[in-house]
Amino acid sequence: MICYPMYITNILSHMRKFIIIPLFASVLLFSNCSKDDQSKNAVEESAQDPDQLIKDGLKALGFNYDDVEINGDTIIVEGDIILYKSKLLDKTKPRQATTHAFPFIKYDDLFLKVYIQPQSGSTGFTSSEIAVIKSGINEFLSSNFPPTMGFFSITYTTNSADPHSVSVVQANLPSNVCGQADFPSAVIDNGFNAVQIGGNLRINIGQFRNNLNDSQRKFLIVHEFGHMLGFRHTNWRTDEPQYSGGYGAYGIPFTGNSSANPDPNSVFNSYTCGYSWNGFSDADIHSIKFITRGQTSSR
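All of these numbers come straight from a predicted model, not from anything done at the bench. (Residues numbered from 1 in each chain as written. Predicted model: local features only at pLDDT ≥ 70, side-chain atom pairs only at ≥ 80, totals over all residues. Heavy atoms only, no water.)

S.K.: Give a description of the overall build of the protein that names residues and reports values.
M.R.: Secondary structure summary: the protein contains seven helices and 15 strands in total. Taking the intrachain contacts of the protein between residues at least 6 apart in sequence as the baseline, contacts between residues at least 24 apart amount to 74%. Accessible area for the protein stands at about 13000 Å²; split by element, carbon and sulfur atoms hold 48% of it. (Helix = DSSP H or I, 4+ residues; strand = E, 2+ residues; numbered from the N terminus. Contact = heavy atoms within 4.5 Å. Areas by Shrake-Rupley, 256 points an atom, 1.4 Å probe, with all protein chains shown as cover.)

As structure tokens, this is what we get:
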């Protein structure tokens, strides 16, 4: 069963129409969509400050609004997923939500171009660190998901002036956060509902360089890149029991949802910084195939 989040009414004072902002797929399959009376009510316009209105909107979407960081236009949810007020709520441009249950990755994005910040003085990544970053992102190549799933090609540059759709950069993050990544945006691609993958993957260089080995670094890159494709944490309900009814995330069929931690081996579980790379779980593989399946030049 597909679960849709509630309608959100007048999330900002200038918006006068109902809008639907469902979240993109997680690797969960929900068995029911029951909600209590409070969660059924639309978020109404009030005299609250804008940040509180954003939190109310995130609550309606199923995120744990008690653990949200807001800094200017940036919203951090679940510790390492980046949303933006401007993209989340702007109805006239691609926004970080989707109006369709199972959109696929935008076709052009499957020919991915990635910028990796090179070392310059005390910032950026060394050549060996860049090799690990490439190794992690390359796990999503179609050669690992035959016959026609996954990314068709991934090319890299260390020149920020070169065309690219994804940036991997060093960022000033809290000491207990290893990385963060942008959530994707909903778009129409040749008449189909699709998602444009998130644009930025930010790495805490202190953690990455000093506290992780190459296997752990690769795991981190794979995990954060998954958020850029639209995956929430597989075990998201562990921290958000108030949303166990299932709204706020779309489930990918046949990936299971028997508990708050349905796939302990998933790369996309939360609190996994420091884990070593040991490949995708079966449900991870199914989910990646699902969102890239059937991609042809006609889409």
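S.K.: Quick rundown of the packing of aromatic side chains? Include the residues and the values.
M.R.: A full pass over the atoms with the stated rule returns 13 aromatic pairs. Between the aromatic rings of Phe104 and Phe290, the centroid separation amounts to 6.4 Å while the plane-to-plane angle is 45°, which identifies the pairing as tilted. Of the two residues, Phe104 is situated in strand β7 (residues 104–105) and Phe290 in helix α7 (residues 282–292); the sequence distance between them amounts to 186 residues. The ring centre of Phe208 lies 5.6 Å from the NZ or CZ of Arg217, which sits over that ring. (Phe/Tyr/Trp six-rings, centres within 6.5 Å; stacked < 30°, edge-to-face > 60°. Lys NZ or Arg CZ within 6 Å of the ring centre and 35° of its normal.)

S.K.: So what's going on with helix α4 (residues 127–137)? Which residues, and what values?
M.R.: Of all the positions in α4, only Glu129, Ile130, Val132, Ile133, Gly136 and Ile137 are classed as buried. For α4, the buried positions fall inside an angular range of 160° around the axis, keeping them on one side. For α4, the secondary structure elements touched by its buried residues are β8 (111–116), β9 (153–157), β10 (166–170), α5 (205–210) and α6 (214–229). (Buried < 20%, exposed > 50% of the residue type's maximum accessible area, 1.4 Å probe, protein only. Arc of directions from axis to C-beta.)

S.K.: I'd like a description of the pattern of salt bridges, backed by residues and values.
M.R.: Scanning the entire structure with this criterion turns up five salt bridges. Taking the shortest distance from any N to any O, the salt bridge between Glu78 and Arg232 comes out at 2.5 Å. Residue Glu78 is located in the loop between β5 (74–77) and β6 (81–84), and its partner Arg232 is located in the loop between α6 and β15 (250–251); the two are separated by 154 residues in the primary sequence. Since its relative accessible area comes to 17%, Glu78 is described here as buried. A salt bridge links Arg217 to Asp214; its shortest N-O distance comes to 2.7 Å. Taken together, the residues Arg217 and Asp214, both in helix α6 and three residues apart, mark about one turn of the helix. (Salt bridge = Lys/Arg side-chain N within 4 Å of Asp/Glu carboxyl O.)

S.K.: I'd like a rundown of the sheet that holds strand β14 (residues 200–203), residues and numbers included.
M.R.: With respect to topology, eight strands assemble into an open sheet ordered β4-β5-β6-β11-β14-β10-β8-β9, the strand pairing being mixed. Two strands bound the open sheet, and with one partner strand each, they are β4 (69–71) and β9. Across this sheet, the average inter-strand angle for adjacent strands is 20°, counted without regard to direction. Sheet topology note: the β6/strand β11 (residues 179–182) ladder contains two bridges and is parallel. When the bridges of β11 are listed, Ile81 appears paired with Ala181. The sheet contacts of α4 involve β8, β9 and β10, and relative to β8 the element is tilted by about 155°. Here α6 sits on the sheet in contact with β6, β8, β10, β11 and β14, set at roughly 25° to β11. (Pairing = 2+ DSSP bridges. Axes fitted to C-alpha atoms, helices over the stretch in contact; angles between N-to-C directions.)

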